[in-house]
Amino acid sequence: MVEQQIRSRGIELESVLRAMAEVPRERFVPRRYRSDAYEDVALPIGGGQTITQPYLVAWMTVLLRPHPHDRVLEVGTGSGYQAAVLARLVDEVFTIERVDELAERARDTLADVGVDNVAVRSGDGSLGWAGVAPFDGILVTAGALTIPEPLLEQLSVGGRLVMPLGTQSAPQTLVRVTRTSERRYRREEFGQVRFVPLIGEEGADEAPSRGD
Ligand code: SAM
């Protein structure tokens, strides 16, 4: 998967490629999809949600520019796979999932595969996780029209936030925002993606539609 679907499409950061090679994706998908676990596709994980396609996991991880001593927040735990990849690259990962059943299952899966530096919480990640902020990186794996203000506030100076922005009716734009000083943020865009909506107080309130 790593050589044929990720490196060949231009992802060159060895630390990310190694992390993806080391995390057993088949453990994060329902049993009936295990034979497809190393295809470059999103797969259903229950609750109308999906595990993101591996190439996008790699790309978003590269854009986050993870450093070994970073503390990273992920919004949208889903299966826990992205959190497990991040956990191989940084000291501490905090991840929030709004669907209780998914959060519980992700916690169990992460423990089963021996990941011990990820804290999983069930709740509304559009509000961030104020009690453990600030974060050097914030990765949002669901799309919204705008970046939730609490997430910008919980980013440390020098920190990076990566998330899809846009409506559900068209592809979203993958955006990276870097906090360059207490009051300044630099925004960069990296092409089109399609993710399920971020549902919550600072996100959407509609029912989820199809996407990664
Ligand atoms: N990162 C996941 C993985 O590795 O499997 C895939 C995430 S899936 C594409 C998006 C997830 O975001 C869904 O599980 C959905 O329930 C969750 N989500 C949507 N809105 C949320 C919110 N406000 N807070 C936390 N999770 C949210």
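Above this text sits the structure in question.
This write-up is about the structure you can find in this document.

Reading the values: the criteria
Residues numbered from 1 in each chain as written. Predicted model: local features only at pLDDT ≥ 70, side-chain atom pairs only at ≥ 80, totals over all residues. Heavy atoms only, no water. Pairing = 2+ DSSP bridges. Helix = DSSP H or I, 4+ residues; strand = E, 2+ residues; numbered from the N terminus. Axes fitted to C-alpha atoms, helices over the stretch in contact; angles between N-to-C directions. Contact = heavy atoms within 4.5 Å. Buried < 20%, exposed > 50% of the residue type's maximum accessible area, 1.4 Å probe, protein only. Polar contact = N/O pair within 3.5 Å; in protein donor to acceptor, adjacent residues only side chain to side chain. Patch = residues over 30% accessible without salt bridge, like charges linked within 9 Å, V, L, I, M, F, W, Y side chains within 5 Å. Areas by Shrake-Rupley, 256 points an atom, 1.4 Å probe, with all protein chains shown as cover. Salt bridge = Lys/Arg side-chain N within 4 Å of Asp/Glu carboxyl O. Lys, Arg positive; Asp, Glu negative; His and termini not counted. Charge placed at Lys NZ, Arg CZ, Asp CG, Glu CD.

**Some remarks on the sheet that holds strand 8 (residues 172-179)**
Working step 1: Here seven strands make up an open sheet; going across it, the order is 5-4-3-6-7-8-9 and the pairing mixed. Both outer strands of the open sheet, strand 5 (118-122) and strand 9 (185-193), are each paired with one neighbouring strand and no more. For this sheet, the mean angle separating the axes of adjacent strands, direction not counted, is 15°.
Working step 2: The sheet contact formed by strand 3 (residues 71-75) and strand 4 (residues 92-97) spans five bridges and is parallel. Of the residues in strand 4, the one forming a bridge with Arg71 is Glu92.
Working step 3: Contacts between helix 5 (residues 100-112) and the sheet are confined to strand 4 and strand 5, with strand 5 contributing the most and set at about 165° to the helix.

**What about the side chain of Thr141?**
Working step 1: If you trace the backbone, Thr141 turns up in the loop between strand 6 (135-140) and helix 6 (149-153).
Working step 2: Since its relative accessible area comes to 10%, Thr141 is described here as buried.
Working step 3: For Thr141, the side chain forms a polar contact with the main-chain oxygen of Gly76, separated by 2.8 Å.

**Looking at a negative patch on the surface**
Working step 1: A surface patch of negative charge is lined by Asp100, Glu104, Asp108 and Asp112.
Working step 2: Structurally, Asp108 can be placed in helix 5.

**Here we look at the environment of Ala133**
Working step 1: Looking at the element boundaries, Ala133 is found in the loop between strand 5 and strand 6.
Working step 2: Given the relative accessible area of 26%, Ala133 is considered partly exposed.
Working step 3: Along the sequence, Ala133 and Ser181 sit 48 residues apart, while their C-alpha atoms lie 16 Å from each other.
Working step 4: When sequence neighbours within four positions are dropped, the list of residues in contact with Ala133 reads Arg71 and Gln154.

**A closer look at the pairing of strand 1 (residues 43-46)**
Working step 1: The pairing of strand 1 with strand 2 (residues 49-51) spans three bridges and is classified as antiparallel. Within strand 2, the residue paired with Gly46 across the bridge is Gln49.
Working step 2: In textbook terms, the turn of a hairpin is the stretch between consecutive antiparallel strands, and for strand 1 and strand 2 this stretch comprises two residues, one of which, Gly47, has a positive phi near 65°.

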